Amino acid sequence: MDPDYSAQDVARCDLCKTAIAQSYCDFCHVNLCKPCIGEHISPDYGKHIIVAIHQRKSTLIYPKCETHQNKTCKYQCKDCNTFLCSRCLVSKQHNQEHEFLELEEVFSSKKEHIKGDTKELENQILPAYEEIANELEMQITSLDGEYNKLTTEMSKQREKIHREIDNAFDQMEKDIGEIKVKHHSILQKHLDEIKQLQSLMKQTLFALNEMEESNEVSSTILYSSKIEEFSKLPPKVNISIPKFIPKQMEREELCSLIGKLTPLSTTLEDRVFTAKKPNNSVRELLDEPKVLNTIKTGYGYLLNVTCINENQIWTSGNIADIKCFNIQGVLQNTIQTKLGEWPIDIAVDSDGALLYTGSWKTRTVYKVKNDQTEEIITLQGWTPNNLCVTSSGDLLVTMYSDDKTQSKVVRFSGSTVKQTIQFDEEGQPLYSGNLYIKYISENRNLDICVADSAAGAVVVVNQAGKLRFRYNGHLSPTKNQLFKPFGITTDSQSRILTTDRDNHCIHILDSNGQFLRYIDNCDLKDPFCLCVVSNDSLFVCECSRGNVKKIRYLK
């Protein structure tokens, strides 16, 4: 098939209507097959312009003059904004004081303007809209997390109010118990007094009975009656039992005690489009990267390196100690994991606090600040693997399921889930479903980059979690082992760097996943994890040697 055509778009000859056109008349603007060229150009041979079909429309098509038949307008009146032919100019029918422009120059100027608009639309305005769309998708994705955070705060208030109400009722029950004891004491006192009088009256009655039987004169004569004294009955004790009077509460009053929920507020904020200035500070790659320093960490098996600057280089391996070195390789600090197990991964947040993931037994992410360790995330049904602190302060965590069949990336704000990235737009898993470590990094353009060693791929999604590309390695006659990326990081130019441990090198990609070059000249042995600090210094840990190498790879 003619390569100039696709199966759906075949240009046919405008004369015979059946044959495929190989030529084009750029004067008459018709498609022509080879047999029809002769018929078309005779008569008036001189005026036809026959070109190859792929060069069609190379000749300008001028508008027809409305005044002079068979004439084309090659001029424009700038004042009247009308098209004019050469006869219009010669006949002086048009105002000769007006300014005339050649249409070819106007056309070329407009073409350049259109080209500029196209470039600005493609490279500036459309990406701005894509960024806005990604931001909105991100907000929609994080809605569940934000509203879960809201209900969690309300639940805490519910628990607090319930606790205070329970305390108030407990105090009231305690008060009732104390009143009851006092009530009982008053009644018991009066009862004791009555019983004492009863006992005295019984003694008196016994004495009277003896006197009635007795014939002794003196005792009878000396008898003094106590009837008047006993007939004075003791006062009746009236004690009112306390009553509980429940307070009548209106719904509004109750709501005011709980707190209030602000209404949904929507405002429209004007966006001002500002064309992005070209980055004139692009740092190019060195032809021969150089090792500037080597830090001996003492680990038998070095797995992780992370840092914010060159004065705090955190490392971890197959022991419980997490070590901090300076650029000279001097040990600055050692932190032991909470349960004495070696950490899966480490990271440093913007405040300089150390984060690390525990083993599958704990399923916990820990934070160490001022030598105090706290649990910030504990999972159920999933085990956290690798960590990345984002530019916004969120924490990205790769994790795998208990049955070791699924993997995903979860964005946390504190301990609240904001986003989950697991499937592509067709519902297929983005990452291999197993417990293999999956190092993660956020690029300067907010892409999320994961090194999936089991899949032999670097998987990159945008901020909203949509798949941008997969990088499956670069064919090279000098690299004989399968591509298995482990560590991953990004630099100030949004380049992606990932280790290829089995081939003892580092791959450098651009932000769109295009391979740029290897770092394979620095005597690297089993490069595993790596990180780039703000000045684009690269730190790479050599797994089996237990060394961290500082490498300069940019000019």
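The rules behind the values
- Every chain is numbered independently, its residues counted from 1 as its sequence is written.
- Totals for whole chains, interfaces and linings use every residue, but because this is a predicted model, local features are given only for residues with pLDDT of at least 70 and side-chain atom pairs only at 80 or more, for both listing and counting.
- The basis for the side-chain values is all heavy atoms of the structure; hydrogens and waters are excluded.
- When DSSP finds two or more bridges between two strands, those strands count as paired.
- In DSSP terms, a helix is any run of H or I states spanning at least four residues, a strand is any run of E spanning at least two, and both are numbered starting from the N terminus.
- Lines fitted to the C-alpha atoms define the axes, with helices restricted to the stretch that makes contact. Angles between their N-to-C directions range from 0 to 180 degrees.
- We call two residues in contact whenever any of their non-hydrogen atoms come within 4.5 Å of each other.
- The classification of residues rests on relative accessible area computed with a 1.4 Å probe and restricted to protein chains. Under 20% of the type maximum is buried, over 50% is exposed, and intermediate values are partly exposed.
- Here the arc refers to the set of directions running from the helix axis out to each C-beta atom.
- Here, two cysteine sulfur atoms that lie within 2.5 Å of each other are counted as a disulfide.
- Here, nonpolar core refers to any group of buried Ala, Val, Leu, Ile, Met, Phe, Trp, Tyr and Cys residues whose side-chain atoms link them within 4.5 Å.
- A side-chain nitrogen of Lys or Arg and a carboxyl oxygen of Asp or Glu constitute a salt bridge if their distance falls within 4 Å.

Student: Can you walk me through the sheet that holds strand β5 (residues 82-84) in this structure?
Tutor: Through backbone hydrogen bonds, the strands of a sheet pair up, either in parallel or in antiparallel fashion. Overall, antiparallel pairing links the three strands, which are arranged β5-β4-β6 in an open sheet. Edge positions in the open sheet fall to β5 and β6 (100-102), since each of these has one partner strand only. In this sheet, neighbouring strand axes are inclined to one another by 35° on average, regardless of whether the strands run parallel or antiparallel. Sheet topology places strand β4 (residues 75-77) next to β5; three bridges connect them, and they run antiparallel. Paired with Cys77 across the bridge in β5 is Thr82. Across the face of the sheet, helix α3 (residues 103-141) comes into contact with β4, β5 and β6 while running at roughly 65° to β6.

Student: Teacher, can you tell me more about helix α1 (residues 34-41) here?
Tutor: In an α-helix, one turn spans 3.6 residues, which is why side chains three or four residues apart end up on the same side. Of the residues making up α1, those classed as buried are Cys36, Ile37, His40 and Ile41. Seen along its axis, α1 keeps its buried residues to an arc of 125°; they face one direction. For α1, exposure combined with an orientation more than 90 degrees from the buried face picks out Pro35 and Glu39. If you follow the buried residues of α1, they end up packed against β1 (23-25), β2 (30-32) and β3 (50-52).

Student: It is not clear to me how the state of the cysteines should be interpreted in this structure. Could you clarify?
Tutor: Defined simply, a disulfide is a covalent bond joining two cysteines at their sulfur atoms. For the structure shown, the criterion picks out zero disulfides. Residue Cys13 stays outside any disulfide, its sulfur separated by 3.8 Å from that of Cys36, the closest cysteine. Take Cys13: its relative accessible area is 1%, and that puts it in the buried class. Counting only cysteine sulfurs, Cys25 is the nearest neighbor of Cys28, a cysteine outside any disulfide, at a range of 3.7 Å.

Student: Would you explain the nonpolar core in this entry?
Tutor: Side chains of nonpolar character tend, in soluble globular proteins, to be buried together. By size, the foremost hydrophobic cluster in this structure holds 31 residues, and its most contacted members are Val305, Phe528 and Phe539. Where this core is concerned, the elements lending two or more residues are β8 (302-307), β21 (448-452), β22 (457-461), β23 (467-471), β24 (485-490), β28 (527-532) and β29 (538-542). Of all the elements, β8 adds the most residues to this core, at four residues. Dropping the residues within four chain positions of it, Val305 is found in contact with Ile313, Trp314, Thr315, Cys529, Leu530, Cys531, Phe539, Cys541 and Val548. Counting residues in hydrophobic clusters, the runner-up holds 14 residues, among them Ile506, Ile519, Leu524 and Leu538.

Student: What is the right way to read helix α7 (residues 251-258) from this model?
Tutor: Burial runs low along α7: only zero of the eight residues are buried. Note on α7: the residue one or two positions beyond its end, Gly259, has a positive phi of about 130°.

Student: Where do I start with the pattern of salt bridges in this structure?
Tutor: Any two side chains of opposite charge can pair, on the condition that their charged atoms come close. Following the criterion strictly, the structure yields 21 salt bridges and no others. When the shortest N-O distance is used, the salt bridge between Asp394 and Arg411 registers 3.5 Å. Separated by 17 residues along the polypeptide, Asp394 in the loop between β16 (382-389) and β17 (395-401) and Arg411 in strand β18 (residues 407-413) bring together distant segments of the chain. Note that Asp502 and Arg501 form a salt bridge whose closest N and O atoms lie 3.7 Å from each other. Overlapping salt bridges, with partners in common, bring together Asp523, Glu542, Arg545 and Lys549 in one network.

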